[in-house]
Amino acid sequence: MIPFNKPYMTGKELWNIAQAHVNGHLAGDGPFTNKCHDWLEQTIGSDKALLTHSCTAALEIAANLLDLEPNDEVIMPSYTFVSTANAFVSQGATPVFVDIRPDTLNIDETKIERAITEKTRAIVPVHYSGVGCDMDTIMSIANRHGLIVIEDAAQGVMASYKDKPLGGIGQLGTLSFHETKNIIAGEGGALLINDPTFIERAKIIREKGTNRDAYFRGVVDKYTWVDTGSSYLPGEIIAAFLYAQIQEAEEITSRRIGMWNTYHHEFASLESRGLCRRHFIPDYCKHNAHMYYLLLNSIEDRDRLICTLKEMGIQAVFHYIPLHSSPAGKKFARTSGNMSFTDDLSQRLVRLPLWVGLEDKIVDIADTVKNIIKETTNTKHSTPTMHGLPHTT
Ligand SMILES: *Cc1c(COP(=O)(O)O)cnc(C)c1O
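Read on for a plain summary of the structure. These figures come from a predicted structure and were not determined experimentally.

Thresholds, definitions, all that
- Residues numbered from 1 in each chain as written.
- Predicted model: local features only at pLDDT ≥ 70, side-chain atom pairs only at ≥ 80, totals over all residues.
- Heavy atoms only, no water.
- Near = heavy atom within 4 Å.
- Polar contact = N/O pair within 3.5 Å; in protein donor to acceptor, adjacent residues only side chain to side chain.
- Areas by Shrake-Rupley, 256 points an atom, 1.4 Å probe, with all protein chains shown as cover.
- Helix = DSSP H or I, 4+ residues; strand = E, 2+ residues; numbered from the N terminus.
- Expected span 1.5 Å × (residues − 1).
- Buried < 20%, exposed > 50% of the residue type's maximum accessible area, 1.4 Å probe, protein only.
- Arc of directions from axis to C-beta.
- Core = buried A, V, L, I, M, F, W, Y, C linked by side-chain atoms within 4.5 Å.
- Domains from an automatic or database assignment.
- Contact = heavy atoms within 4.5 Å.
- Salt bridge = Lys/Arg side-chain N within 4 Å of Asp/Glu carboxyl O.

The next point concerns the site of the ligand. Taken together, 15 residues surround the ligand, and among them Thr 56, Asp 152, Gln 155, Ser 176 and Lys 181 come closest. Taking Cys 55, its main chain carries an N or O atom lying 2.8 Å from an oxygen atom of the ligand. Within the side chain of Thr 56, one N or O atom sits 2.5 Å away from an oxygen atom of the ligand. Computed on the free molecule, the ligand has an accessible area of 380 Å², of which 93% lies beneath the protein chains in the complex.

Right, dumping it as structure tokens:
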């Protein structure tokens, strides 16, 4: 079976972990964490980067930083991972979902302004598949209405919008180093702070609501409880692992781009014959090949492709169940306008295996996919059930 994802290891991770062991500093914010922070700040241009246990944790810190009040609203797409919304719901706010653009599957920036009310506090653009949202438009809407922008750049490490790295454009940004992402630490993430007024409080929230950081810098003489927060910092073993990955970030990205380009080339004729639509990258974006997806013509075609690939030993997967149609989404969030592209495209999308080490198999996988689509699309078949289909985040 060719799995959808296989975590890539550089081979240097264990060496770094041994170094952390020798250093004898195993809690957070030791030498490896500092190296990761430096790299993130330099690469993304943030005023401050803070490692966290996950992108979810980074989103929670961001939500806490907003000082939300009950019924405050946060605008975001419904086509995203649970944590984008949950972090704000946990702080008492209401996510307001806006439909996506049919080309990039990112939030439709032309529909944001009509979702703004007196209660709106923030916009959370999600850079789906490492392809940037239209950030110029989103930032100018936010500035006009006094809103904070928090980029969910979980999938966006090493990608950019008009040469600005994703996660470095809004006042805050978040990254994920989950093992399904491009650069990994098993579980891991980072908060990117691009507005220095948030730095002090972000450090406090990340350190259990204490002023530990200021105390160790000698700025205050007492180490005490000063605000709300939690334990959001990863230990040095995680940071040591991550630093090995970071040092190969360029190479990992270019190997992924190579495979992405092969898929894209292979599927060009299917697209021109109207049998599917390929992953789309606007000119102003440099993507990071986080995933390769196709949009089939119907949910039946998509499900049949996934089932047939599974029988042939290839694991392909669909993606998000839109949050507005989930039980918690119905309870805690609301929609602004209709969700027609979200509902339609989420049912027709399939992601193909793409991981460092799969280079030799990409053409074979593409051939298999092409044969299945050519043989079965637009012909009558019974609809397979969704039961048992793979679904990973
Ligand atoms: C993966 C992902 C997350 C969650 O990341 P974790 O590090 O697993 O918490 C959040 N948002 C998006 C868009 C993601 O793809």
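Looking now at helix 9 (residues 249–266). The end-to-end C-alpha distance of helix 9, which contains 18 residues, comes to 26 Å, matching closely the 26 Å that a straight helix rising 1.5 Å per residue would cover. Along helix 9, the residues classified as buried are Ala 249, Ile 252, Thr 253, Arg 256, Met 259, Trp 260, Tyr 263, His 264 and Glu 266. Across the axial projection of helix 9, the buried residues extend over an arc of 165 degrees, all falling on one side. Exposed and facing more than 90 degrees away from the buried side of helix 9 are Glu 250 and His 265.

With that out of the way, let us pick up the nonpolar core. In summary, soluble globular proteins display a tendency toward joint burial of nonpolar side chains. By size, the foremost hydrophobic cluster in this structure holds 78 residues, and its most contacted members are Leu 40, Leu 175, Phe 177, Phe 267, Leu 294, Leu 352 and Val 369. Among the elements that line this core, the one with the most residues is helix 14 (residues 362–376), at six residues. Counting contributing residues, this core receives three or more from each of domain 1 (13–246) and domain 2 (249–388). Look past the residues within four positions of Val 369 in its chain and what remains in contact with it is Phe 267, Leu 294, Leu 305, Leu 309 and Leu 352. Leu 68, Ala 93, Leu 191 and Leu 323 belong to the second-largest nonpolar core, a separate cluster that totals 34 residues.

Going through the model one piece at a time under the given rule, you end up with 25 salt bridges. Glu 109 is the partner of Arg 101 in a salt bridge, and the nearest nitrogen-oxygen pair spans 3.1 Å. Overall, the relative accessible area of 10% leaves Glu 109 in the buried class. Ionic pairing is found between Lys 162 and Asp 136, a salt bridge with its closest N-O pair at 2.6 Å. Remark: Asp 136 occurs in helix 5 (residues 135–145) and Lys 162 occurs in the loop between strand 6 (160–161) and strand 7 (164–165); sequence separation between them is 26 residues. Judged by relative accessible area, Lys 162 falls into the partly exposed class, the value being 41%. By relative accessible area, which is 35% here, Asp 136 ends up partly exposed. Here the salt bridges do not stand alone but share partners, grouping Glu 200, Lys 203, Asp 213 and Arg 217 into one network.

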